[in-house]
Amino acid sequence: MSSTRILVADDDPTARLLMQAALGKSGFEVAVAEDGEEALQAFAHATFDMVLLDVEMPRLDGYAVCRELRRRCGDALPILMVTGMDDTASIEAAFEAGATDFVAKPISWPLLGHRVRYVLRATRAATALRMANARNAAMLDAFPDTLLRLDAADRIVELRAAPTGVPSCCMPAVGQTLAEAYPHEVATLLAQALDEARRSRQPSTVDFPLACRTGRPCHQEARVSAIDDGEALCLLRDITERKEYETRIHHLAYFDSLTGLANRRSFLERLEREIRRALQNKWRLAVLFLDLDRFKSINDTLGHAAGDALLQQAAERLRAITRPGDIVAHDTDRMGTAEFARLGGDEFTVLLPTISRPDDALAIAERIRASICAPFAIEGQELCVTTSVGIAVFPDDGEDAATLIKHADIAMYDAKANGRNGCRYYNPALTAEAVHRVELEAGLRRALAHDELVLMYQPQVEVRDGSIATVEALVRWQTPDGRLVPPLEFIPFAEECGLIDAIGSWVLRRACHDAAQWQRRGLDLRVAVNLSPVQFRASGLLDRIREALADSDLPAERLELEITESALMADDADTHATLAALRTLGIGIALDDFGTGYSSLSCLKRLPLDKLKIDRSFVSGLPDDVDNHAIVRAIVALARHLGFRIAAEGVETAAQAELLGELEADSLQGYLFSRAVPAAELEALASRRWPPARGTQFRIDFS
Ligand SMILES: Nc1nc2c(ncn2[C@@H]2O[C@@H]3COP(=O)(O)O[C@H]4[C@@H](O)[C@H](n5cnc6c(=O)[nH]c(N)nc65)O[C@@H]4COP(=O)(O)O[C@H]3[C@H]2O)c(=O)[nH]1
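Since the structure is predicted, the reported quantities are computational estimates derived from the model, not experimental observations.

(A) Representation of the overall build of the protein chain within the structure. Tallying secondary structure elements over the protein chain gives 25 helices and 27 strands in all. Counting every position in the protein chain, which comprises 703 residues, the buried fraction comes to 47%. A separation threshold of at least 6 residues defines the contact pool for the protein chain, and within that pool the share at least 24 residues apart is 63%.

As structure tokens, this is what we get:
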């Protein structure tokens, strides 16, 4: 450790010597000066930790030296003045000149060392305190918080306002108590935090909203800590932005951004809470599961923006249904607030936290169903949508959240399977059906992977000469156990579960391949392939068709696509562009199942179609059903007028064929001529001629 250097300035050589000896004995390194000027010169060449100055000195007295040294070295240098015992005037003058302390003559030599050490220690402590204060002040200046110092009565005795943060209108003032500065609840909260901090000697934190006069939301955080039993510090920080982020994050985590309804996670948490309550209180609750019937096809045909708008409006209707006071139940008070959620896609759930009996749930489900039935106005079009609702009741149908939701979902499927637009309770037998659906999907995936799909072809006979110009490709699923599954048992399901694209692509490629084979064998046949609405709207359709034609080497003119009216429901630019592009390629377009949809005449007129296929439901009653007769006659007249060819489906009797011939249909398809047959049998079939219908007695000769 380096020694402490002391400068002794005194014009009396004896006093100098004695001081030097006494201080040297106490372990200090001592330098001496004979007068004031010499003392200042000594400071110019060396540094000292302390100075002892005699008051009376020639040339420059001790006061002048003291003042000069203070100017040069600041407060950190301890200066001891040596004064006369009773000379209070010089003691006062010494302090005025900036002296740290004084030593009175006659000096007690044994005590001088102790006195010097004490002054040195005190000066160092004062310096350290000054530096700590400066550091604290700098830290507080850099602090983003507003600082309040409070006395024992929670009155603000000091306030350092942060440059930014707490808005001025929410800023307390010095002199106010917390109760005066803040609204009652906030003041109470802060007082509790202060009590806690004083008691535990640990800082404590609270946050609270404040009504800001600007009207903007304001949220503050206060961290309080006790200084001693009386005073306390309170740091205030504006956390409005953080709170807004937290709210937004919470909203994202718990709410569906499209509809503003609760999301799956939030619904599950609430359901779990309500199950616990229901268990304690021994009451029932119900979970409703619903989706919009045929939503997927609406979304695919009208586009996602329309689909989103529909979901938003449907969510709004759900909210409106169970607004407080709207619920019709046997025990309205106990019914509690219903919770709605969108689990994803068009799947919604409703939680009825307390029901007296299962009928209450059915009443709400029916109200929901009826409300969704009213037409929606979407993008300027009126859209009629229905919903199917499944109901599961706690504890009867499940004792935990996941089971209740699953069973309500299964019940909804049952409602769908039973004609849609209905409400169903869960029953255990339905689980078997749900298992069947899961197996069906797995089976279809396997069918695609293992080439279990087969195509059959049904001829369309030309009325003009009884020849077969077109055959319709109809898919079947040959399961490993040898069963031939008809398309209506898996195509609608494939549309629902998203497998239709893969199946449709397979059908297209196989049909093109078969048709190209027939062409190579000299058969003049066109192949008609069904295109589901989902496929029609899917991106990449044209590429897929071009690829299938190119790979099989089939001329585009030999391909016809059958599109149902629902696929063309969106009379928009995309529909026109797709149809026009197909026509430009040379592909024929037939409107399938005509009469069952909602095609408006004006819409039909604008579409580039080749053919209308009259649905077999109109053909089936012919020739006796007068209504069907009139409808078919009108369809034929309309199609003629628009320049389309006309095909009739489901022709089973010669009388039907004859009448359709008279009505001037162009081609006929039905069991009367042939069921759908494997590709290999088609060659034999296609070489036949059926007697022309027009003007002749239609006679079938299958021999
Ligand atoms: N009662 C009666 N029925 C007759 C008669 N003649 C033909 N049919 C049946 O009527 C359906 C005609 O096909 P669709 O209207 O396009 O109706 C098709 C079509 O909408 C769909 N489908 C079939 N294959 C495909 C495919 O490859 N892709 C797509 N997307 N749908 C397909 O499945 C539907 C049913 O197909 P299938 O069961 O093969 O049933 C075929 C056919 O077997 C008749 O005289 N009387």
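(B) Representation of the sheet that holds strand β8 (residues 204-211) in the model. Spatially, β7-β6-β10-β9-β8 is the arrangement adopted by the 5 strands of the open sheet, whose pairing is antiparallel. The open sheet has two free edges, formed respectively by β7 (156-160) and β8, since each of these has just one partner strand. Here the average twist between neighbouring strands, direction ignored, is 25°. As paired strands, strand β6 (residues 146-150) and strand β10 (residues 232-238) are joined by 5 bridges and run antiparallel to one another. By the bridge assignment for β10, Thr 146 is matched with Leu 236. Where helix α8 (residues 240-254) meets the sheet, it contacts β8, β9 (217-226) and β10, and its direction lies at approximately 115° from that of β9.

(C) Representation of the pattern of salt bridges in the model. Inspection of every chain in the model, using the stated rule, returns 53 salt bridges. With a shortest N-O distance of 2.6 Å, Glu 68 and Arg 71 are connected by a salt bridge. Of this pair, Glu 68 and Arg 71 both sit in helix α3 (residues 62-73), 3 residues apart, which is roughly one turn of that helix. A salt bridge links Asp 414 to Arg 424, with the nearest nitrogen and oxygen atoms 3.5 Å apart. Here Asp 414, found in helix α14 (residues 401-417), pairs with Arg 424, found in strand β17 (residues 423-425); they are 10 residues apart in sequence, far enough to count as distant. Take Asp 414: its relative accessible area is 8%, and that puts it in the buried class.

(D) Broad picture of the packing of aromatic side chains. Inspection of the entire model under this criterion finds 5 aromatic pairs. On the numbers, 6.0 Å between centres and 70° between planes, the contact of Tyr 182 with Phe 208 is edge-to-face. In this pair, Tyr 182 sits in the loop between α6 (178-181) and α7 (184-200) while Phe 208 sits in strand β8, placing the two residues 26 residues apart along the sequence. With respect to class, Tyr 182 is no different from Phe 208; both count as buried.

(E) Quick look at the UniProt feature "coiled-coil region" (unreviewed entry) in the protein chain. Feature annotation in UniProt assigns "coiled-coil region" (unreviewed entry) to the following positions: residues 261-288. For the annotated span residues 261-288, helix accounts for 64% and strand for 18% of the residues, and the straight-line distance between the end C-alpha atoms is 15 Å.

(F) Summary view of the layout of surface pockets. A volume near 290 Å³ is recorded for the second largest pocket. Where the lining of the second largest pocket is concerned, the elements lending two or more residues are α5 (109-142), β6, β7 and β10. If you tally residues by element for the lining of the second largest pocket, the top one is α5, at 4 residues. Each residue belonging to the lining of the second largest pocket can be placed in one class, and the counts come to 7 nonpolar, 2 polar and 3 charged.

Calculation rules
- The numbers attached to residues start from 1 for each chain and follow its sequence in the written order.
- With pLDDT at 70 or above as the cut-off, local features in this predicted model cover only qualifying residues; side-chain atom pairs require 80 or more to be listed or tallied, and sums for whole chains, interfaces and linings still use all residues.
- Hydrogens and waters are ignored; side-chain quantities use all the structure's heavy atoms.
- Runs of E in the DSSP output that reach at least two residues are strands. Runs of H or I that reach at least four are helices, and both are numbered from the N terminus.
- Each residue is assigned to one of three classes by its accessible area relative to the maximum for its type, calculated with a 1.4 Å probe on protein chains only: buried under 20%, partly exposed between the two thresholds, exposed over 50%.
- Contacts: residue pairs with any heavy atoms within 4.5 Å of one another.
- Here, strands pair whenever DSSP counts at least two bridges between them.
- To get an axis, a line is fitted to the C-alpha atoms, and for a helix only the part in contact is used. The angle between two axes follows their N-to-C directions and goes from 0 to 180 degrees.
- Whenever a carboxyl oxygen of Asp or Glu lies within 4 Å of a side-chain nitrogen of Lys or Arg, that contact is scored as a salt bridge.
- Two rings from Phe, Tyr or Trp (for Trp, the six-membered ring) form a pair when their centres are within 6.5 Å of each other. A pair whose planes differ by under 30 degrees is stacked, one over 60 is edge-to-face, and the rest are tilted.
- UniProt positions are given in the numbering used here, feature names are shortened, and annotations may be inferred rather than shown by experiment.
- Buried and open spaces are told apart on a 1 Å grid over the protein atoms alone, a cavity being a set of points where a 1.4 Å probe fits but cannot get out and a pocket being an open set with protein on both sides within 12 Å along at least five of seven lines. Residues with an atom within 4 Å of a point are the lining residues.
- Grid points are joined across faces, edges and corners, and a volume is the space filled by probe spheres set on the points.
- Each residue gets one of three labels, nonpolar for Ala, Val, Leu, Ile, Met, Phe, Trp, Tyr, Cys and Pro, charged for Asp, Glu, Lys and Arg, and polar for the others, Gly among them.

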